[in-house]
Amino acid sequence: MREATPTTKRRYWLGGNRHDAQDRFFREALDPELWEPGDEDAWDACWFTGMPKPRAFEALTAEKWVNHIPGNNALTVKSRLAATLAAVRERMLADEGADGEGAERMGFCPDTFAMPEAYHAFQAAALAEPEARWILKPKNASKGRHIRLVEDPAAVPTGRRWMVQRYLHEPHTIRGHKYVLRLYVLITSVEPLRVYLYHEGFAKLASEPYDLDDRTNIFSHLTNPDINETNTSVAAPVVFIPFAEYRPWLREQGHDDGALFDRIHDLVTLTAIAAREPLRARLAEVGGDSRGCYELLGIDCLIDARLKPWIMECNLSPSLDVCAAPEDGGEVEYGIKRQLVHDMVAMLRFNHTGPDHPAPDGPARLAAEAEAERAHAGGWQRLYPHAEPERHLPFFAAPRLADIVLADAVAGRRVRRPRFCRYRAAEIVEPDQLALYAEDEGVLYHPNPTATWLWLHAGAGLDPDEIAEQLAVQRGVSEAAAVQAVRAEVWDQLAGWAAAGLLRQTGGTGAAAPAAAAPSAATVEPETRTLRVGAARATLRLPSAPVRRQLADAW
């Protein structure tokens, strides 16, 4: 990072839906000796409420920051969030079955039906469970607007803006009031993925006691402060209880607050992992340096009567205004929100002026950047990566090479590498080429000879590093930088296929599976075959039995 002096100040731009309460903590966290106001044409740090236009991301560098990540609607649009999480759960079900640990851990999102496509599926679910309760929500609205309990499932609107969700009708309560926990989550890097949770947050209470039989009383069923502040019939319509009071209260009630927050940490980590590929894909579309992106999210979790956390929504640009009156938690609310922004600015090194001495590009640099960030995290607790990466790596569509490199560094050992199997793809083997049909997308892929070789080796059970080692030998590559380039090529290709649904990880969340026997390129006699790709012909050298076996009928 360049050294800043009072004569070469950086500039900050406060953009979007402006509200002083949303800006003041960020503005005051910046050192006035180093920063001055800028505008949309001249800025080094953009603090934007809502989402800026793509050109803001196109301008990013490692020293120019925006407080959002393109593609965040995979989290912040309620229907997209449900679909994002469902895709991971479906992969875990396919790998481990309904009784597997992975599917159970992903079961924290209520059943969701996005209209109009899922209308008939919802009607079938409502008919099959006449006692179930349902709640109607706009897919992309905030502050609790237009949310209501469903009286008649047959009468739900079918417009594209709506979704129906299973209503969790047995919530845990505080003094008889329903509540959700507001969590503050920070994604500081997409690749490798790095995720933090602030150590403090709030229980947000509904303003009237919970009454399942009164479906029309929004003050009983909704916890949104913007809704409850309109309740003029109670003395304290908005009540925030900080975790520093909530957790001791749980213990007083005989509950294990540590176990609850362990599950919450897992929920947050898995949610971020589920969104990584959509974030990465959109980042690639808009261009710019991804090191300049970060995302502060407000995640709301409902705690049910069995003390299981359920994700309700992820909020873009979470409110930093003070919602509660001073005597109802407002003073503590102010302090927590102010401090989390100050800690975020410190962790991201916005006020850093001394010269950095980063490690050279490569694995050492990834580890050094992550450690420098964690060392300045203040009240932010790093959830991912952590010392046991295997607990979460199986939930990626496929980890990228940077994820694995950082996981090795944080764990202090070589973590288990993923293995893959064909997922929602059909192989079409013709006499002179292999094609892959993506069943979800309805797209036909024609991999080139090298990609075909990678596909077949992945299908034979080799992990990406084993495949890369063989490919490097085939190419006669031995210099370290060139070998690393081959490794990156293999990991990216396999991860791209996994993101497209052609491959999925296999082996589940259990103990490491025994390594597949990787044929030694030095001892296997190679064969040479010719493939036609379109009008072109290419010679493919086939040193290993898996390739020869699967292509035997094609020659």
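Note: the structure precedes this text.
Residues numbered from 1 in each chain as written. Predicted model: local features only at pLDDT ≥ 70, side-chain atom pairs only at ≥ 80, totals over all residues. Heavy atoms only, no water.

*Asks:* Honestly, the overall build of the protein in this entry has me stumped. Any pointers?
*Replies:* Counting its regular elements, the protein contains 17 helices and 23 strands. The buried share of the protein, taken over its 555 residues, is 53%. Considering only contacts in the protein between residues 6 or more positions apart, those separated by 24 or more positions represent 69%. Accessible surface for the protein amounts to roughly 23800 Å². Of this, 50% is attributable to carbon and sulfur atoms. (Helix = DSSP H or I, 4+ residues; strand = E, 2+ residues; numbered from the N terminus. Buried < 20%, exposed > 50% of the residue type's maximum accessible area, 1.4 Å probe, protein only. Contact = heavy atoms within 4.5 Å. Areas by Shrake-Rupley, 256 points an atom, 1.4 Å probe, with all protein chains shown as cover.)

*Asks:* Would you mind going over the nonpolar core with me for this structure?
*Replies:* When a protein is soluble and globular, its nonpolar side chains tend to lie buried together. Within the largest apolar cluster, 70 residues are counted, with the highest numbers of intra-cluster contacts made by L181, L183, Y246 and I311. Residue contacts for L183: discarding those within four places in its chain leaves L197, F243, I264, V268, L297, G298, I299 and C301. Counting residues in hydrophobic clusters, the runner-up holds 31 residues, among them Y12, Y196, V238 and L340. (Core = buried A, V, L, I, M, F, W, Y, C linked by side-chain atoms within 4.5 Å.)

*Asks:* Just checking my understanding: could you explain the pattern of salt bridges for this structure?
*Replies:* If charged atoms from side chains of opposite charge come close, those side chains can pair. On inspection of all chains with the given rule, the structure shows 43 salt bridges. The salt bridge involving R417 is made with D408; its shortest N-O contact spans 2.9 Å. A single burial state applies to R417 and to D408, both of which are buried. A salt bridge links R419 to D463, with the shortest nitrogen-to-oxygen separation between them at 3.9 Å. Of the two residues, R419 sits in strand 17 (residues 419-422) while D463 sits in the loop between helix 14 (449-459) and helix 15 (464-475), which places them 44 residues apart along the sequence. Under the relative-accessibility criterion, D463 is labelled buried at 3%. Among the charged side chains, a network of salt bridges with common partners joins E191, R276, E277, R280, R400, D403 and D492. (Salt bridge = Lys/Arg side-chain N within 4 Å of Asp/Glu carboxyl O.)

*Asks:* Help me out: how do you make sense of the packing of helix 14 against helix 15 in this one?
*Replies:* Relative orientation and spacing of two packed helices are given, respectively, by the angle between their axes and the distance between those axes. At a closest axis distance of 11 Å, the pairing of helix 14 and helix 15 adopts a crossing angle of 140°. Between helix 14 and helix 15 lies a crossing whose hand is right-handed. Here helix 14 contributes T450, W453, L454, H457 and A458 to the contact with helix 15, which in turn contributes I467, Q470, L471, Q474 and R475. Per-class residue counts for the contact of helix 14 with helix 15 are five nonpolar, four polar and one charged. (Axes fitted to C-alpha atoms, helices over the stretch in contact; angles between N-to-C directions. Left-handed = near helix turned anticlockwise from the far one by under 90°. Nonpolar A, V, L, I, M, F, W, Y, C, P; charged D, E, K, R; others polar.)

*Asks:* Before we go on, may I ask you to explain the sheet that holds strand 6 (residues 134-138) in this structure?
*Replies:* Where strands meet in a sheet, backbone hydrogen bonds hold them as pairs that are either parallel or antiparallel. The strand order 5-8-6-7 describes an open sheet built from four strands, whose pairing is antiparallel. In this open sheet, the two edge strands, each paired with only one partner strand, are strand 5 (112-114) and strand 7 (148-149). (Pairing = 2+ DSSP bridges.)

*Asks:* Looking at this structure, how should I read the packing of aromatic side chains?
*Replies:* Think of a pair of aromatic rings as described by two things: how far the centres are apart, and how the planes are tilted against each other in angle. Under the counting rule described, the total for this entry stands at 21 aromatic pairs. Ring centres of W13 and W43 lie 6.1 Å apart, and the angle between their planes is 40°; this geometry places the pair in the tilted category. Of this pair, W13 sits in strand 1 (residues 10-16) while W43 sits in the loop between strand 2 (35-37) and strand 3 (45-49), and the two are 30 residues apart along the sequence. Assessed through its relative accessible area of 6%, W43 is described here as buried. Ring centres 6.2 Å apart and planes at 90° place the aromatic pair F26 and F350 in the edge-to-face group. (Phe/Tyr/Trp six-rings, centres within 6.5 Å; stacked < 30°, edge-to-face > 60°.)

*Asks:* Honestly, the sheet that holds strand 3 in this entry has me stumped. Any pointers?
*Replies:* The strand order 2-1-3-4 describes an open sheet built from four strands, whose pairing is parallel. Each edge of the sheet is formed by a strand with only one pairing partner; in this case those strands are strand 2 and strand 4 (65-66). The sheet contact formed by strand 1 and strand 2 spans three bridges and is parallel. Pairing of R11 across the sheet is with E36, part of strand 2. Sheet strands touched by helix 1 (residues 20-29): strand 1 and strand 3. Its angle to strand 3, the strand with the most contacts, is close to 160°.

*Asks:* Just to check I follow, could you spell out helix 6 (residues 119-128) for this structure?
*Replies:* A turn of α-helix holds 3.6 residues, and therefore any two residues three or four places apart point the same way. Every buried residue of helix 6 is accounted for by F122, Q123, A125 and A126. Down the axis of helix 6, the buried set is contained in an arc of 165°. They therefore lie on one face. Exposed residues on helix 6 whose side chains face more than 90 degrees from its buried face are H120, L127 and A128. Of the surrounding elements, those touching the buried residues of helix 6 are strand 5, strand 6 and strand 8 (162-166). (Arc of directions from axis to C-beta.)

*Asks:* Is there a simple way to explain the state of the cysteines in this structure?
*Replies:* In protein chemistry, a disulfide is the covalent bond that joins the sulfur atoms of two cysteines. On inspection of all chains with the given rule, the structure shows zero disulfides. Its sulfur unpaired, C314 is 8.3 Å from the next cysteine sulfur, which belongs to C301. (Disulfide = S-S within 2.5 Å.)

*Asks:* I tried to follow the side chain of R166 on my own but got confused; where do I start?
*Replies:* Assignment of secondary structure puts R166 in strand 8. Only 2.8 Å separates the side chain of R166 from the side chain of E129, close enough to count as a polar contact. The residues contacting R166, other than those within four sequence positions of it, are P110, D111, E129, A132, R133 and W134. (Polar contact = N/O pair within 3.5 Å; in protein donor to acceptor, adjacent residues only side chain to side chain.)

*Asks:* Help me out: how do you make sense of the environment of R11 in this one?
*Replies:* For R11, the location among the structural elements is in strand 1. In this structure, the C-alpha to C-alpha distance between R11 and W35, residues 24 residues apart in sequence, is 5.4 Å. Residues contacting R11, with those up to four places away along its chain left out, are W35, E36, P37, G38, A42, W43, D44 and A45.

*Asks:* Help me understand helix 12 (residues 363-375), please; the structure alone is not making it clear to me.
*Replies:* The terminal C-alpha atoms of helix 12 lie 18 Å apart, and with 13 residues this matches the ideal 18 Å at 1.5 Å per residue to within 8%. Those residues of helix 12 that are buried lie in contact with strand 10 (177-189), strand 11 (194-198), helix 11 (330-347), strand 16 (380-384) and helix 13 (401-411). (Expected span 1.5 Å × (residues − 1).)

*Asks:* Explain unusual backbone geometry to me, please; I cannot follow it from the model alone.
*Replies:* Most peptide bonds take the trans configuration, and most residues that are not glycine carry a negative phi. Following M115, the chain continues to P116 via a peptide bond in cis, the omega torsion being 0°. Located in the positive-phi region is S317, a residue other than glycine, with phi close to 45°. Its place among the elements puts S317 in the loop between strand 15 (309-316) and helix 11.

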